[in-house]
Amino acid sequence: MSHDHDPHEFSLAPALENRWSPRAFSRTEVLDSTVLGSAFEAARWAPSSGNSQPWSFVVGFRGDETFGKIVASLASGNQVWAEHAAALVANVAAVVDAEGNPQSHAIYDLGQAVAHFTIQATTDGLMVHQMGGFDAQMLGKELMLSSSQRVVTVMAVGSAGNPADLPEKLQEREARPRTRKPLSDIVEGSARYA
Ligand SMILES: Cc1cc2nc3c(=O)[nH]c(=O)nc-3n(C[C@H](O)[C@H](O)[C@H](O)COP(=O)(O)O)c2cc1C
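This write-up is about the structure you can find in this document. (Residues numbered from 1 in each chain as written. Predicted model: local features only at pLDDT ≥ 70, side-chain atom pairs only at ≥ 80, totals over all residues. Heavy atoms only, no water.)

1. Quick word on the overall build of the protein chain
- Helix and strand counts for the protein chain stand at 8 helices and 4 strands.
- Going from the N terminus to the C terminus, the protein chain shows its helices and strands as α-α-β-α-α-β-α-β-α-β-α-α.
- For 194 residues, the compact-globule estimate of 2.2 N^0.38 gives 16 Å, and the C-alpha radius of gyration of the protein chain, at 18 Å, lies within 12% of that figure.
- Counting only C-alpha atoms and orienting by the principal axes, one finds that the protein chain spans roughly 50 × 50 × 30 Å.
- The buried share of the protein chain, reckoned over its 194 residues, is 35%.
- Across the protein chain, contacts joining residues at least 24 apart in sequence account for 75% of those joining residues at least 6 apart.
- Looking at charge distribution, the protein chain has the averaged site of its 15 positive side-chain charges lying 5 Å from that of its 22 negative ones. (Helix = DSSP H or I, 4+ residues; strand = E, 2+ residues; numbered from the N terminus. Rg over C-alpha atoms; globule rule 2.2 N^0.38 Å. Buried < 20%, exposed > 50% of the residue type's maximum accessible area, 1.4 Å probe, protein only. Contact = heavy atoms within 4.5 Å. Lys, Arg positive; Asp, Glu negative; His and termini not counted. Charge placed at Lys NZ, Arg CZ, Asp CG, Glu CD.)

Pasting the structure below:
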């Protein structure tokens, strides 16, 4: 499952080491709620501001109505590969609380819950690819969300597929090594890294 990437000096937990965002998903795999149970349980146990838990998830499995709605909302560059994944999930934040006050940490908290989901799913042998390239307004309407809810990202979930099934341009991207800024660029203060 692992993918070429920049070398790193410090070790990572296996799921963090193995996680990456593929476009080639198995086109025949069938997933059900049970398979995703641990990943959603991991999302449920994410920390959040004041334990507000401002997240919810709308799941579609390939072939069902929710899946179709999510596919229809995707940017064409995402549609071309994501429509083959076994599951698509709309990641929703409640950006306004019950009293009508903005929940300023809602998007941060949702992101953390999705990170938990992703790491548990990776541990369970699945792969996850998050996307911001979709029509959030259209999808929110199609999913009949309330005005206090916002679809922040969607994610494709499934097992690894065959990169040869992707359009040529995406095959090249799929094989590209993963890169990151060095630690010295992102950590300041008393901790210093080369
Ligand atoms: C908020 C967010 C939005 C993203 N949007 C897209 C997207 O629309 N299409 C896509 O192919 N990848 C998308 N990605 C995936 C990133 O491109 C990917 O995580 C990044 O390049 C690092 O690669 P890695 O996940 O394999 O480490 C998104 C990721 C995040 C977290």
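Now that the structure has been shown, the text picks up again.
2. Overview of the nonpolar core
- Of all hydrophobic cores here, the largest spans 23 residues; its most connected members are Trp81, Leu88, Met131, Leu139 and Val154.
- In this structure, Leu88 is in contact with Val58, Val59, Gly60, Phe67, Ile70, Val71, Ala82, Met131, Met155 and Ala156, ignoring residues within four places of it in sequence.
- Leu36, Trp55, Ala86 and Val157 belong to the second largest nonpolar core, which has 22 residues in total. (Core = buried A, V, L, I, M, F, W, Y, C linked by side-chain atoms within 4.5 Å.)

3. Some remarks on the site of the ligand
- Surveying the vicinity of the ligand reveals 14 residues, the closest of which are Ser21, His129, Gly132, Arg178 and Arg180.
- A distance of 2.8 Å separates a nitrogen atom of the ligand from a polar side-chain atom of His129.
- Between an oxygen atom of the ligand and a side-chain N or O atom of Arg178, the distance comes to 2.7 Å.
- Alone, the ligand offers 620 Å² of accessible surface; in the complex the protein occludes 60% of this.
- Secondary-structure elements contributing two or more residues to the shell around the ligand are α4 (76-82) and β3 (127-131).
- It is β3 that contributes the most residues to the shell around the ligand, 3 residues altogether. (Near = heavy atom within 4 Å. Polar contact = N/O pair within 3.5 Å; in protein donor to acceptor, adjacent residues only side chain to side chain. Areas by Shrake-Rupley, 256 points an atom, 1.4 Å probe, with all protein chains shown as cover.)

4. Re the packing of aromatic side chains
- In the structure shown here, the tally under the stated rule is 4 aromatic pairs.
- Each ring, one from Phe25 and one from Trp81, has its centre 6.3 Å from the other, and the planes form 15°; the classification is stacked. Here Trp81 lies in helix α4 and Phe25 lies in the loop between α1 (14-18) and α2 (33-44), a separation of 56 residues in the sequence.
- Among the residues examined, Phe25 registers a relative accessible area of 3% and is labelled buried.
- The structure contains a cluster of three or more aromatic residues connected by ring pairs, namely Phe40, Phe57 and Phe117. (Phe/Tyr/Trp six-rings, centres within 6.5 Å; stacked < 30°, edge-to-face > 60°.)

5. A closer look at helix α5 (residues 106-123)
- With 18 residues, α5 extends 26 Å between its outermost C-alpha atoms, agreeing within 8% with the 26 Å of an ideal straight helix rising 1.5 Å per residue.
- If you follow the buried residues of α5, they end up packed against α1, α2, β1 (55-61), β2 (87-94), β3 and β4 (149-158). (Expected span 1.5 Å × (residues − 1).)

6. A short note on the environment of Val80
- Here Val80 is to be found in helix α4.
- Each C-alpha atom of the pair Val80 and Trp45 lies 33 Å from the other, and the pair is 35 residues apart in sequence.
- If near-sequence neighbours (up to four positions away) are discounted, Val80 is found in contact with Pro167 and Leu170.

Purely spatial values, then, with no claim about function.
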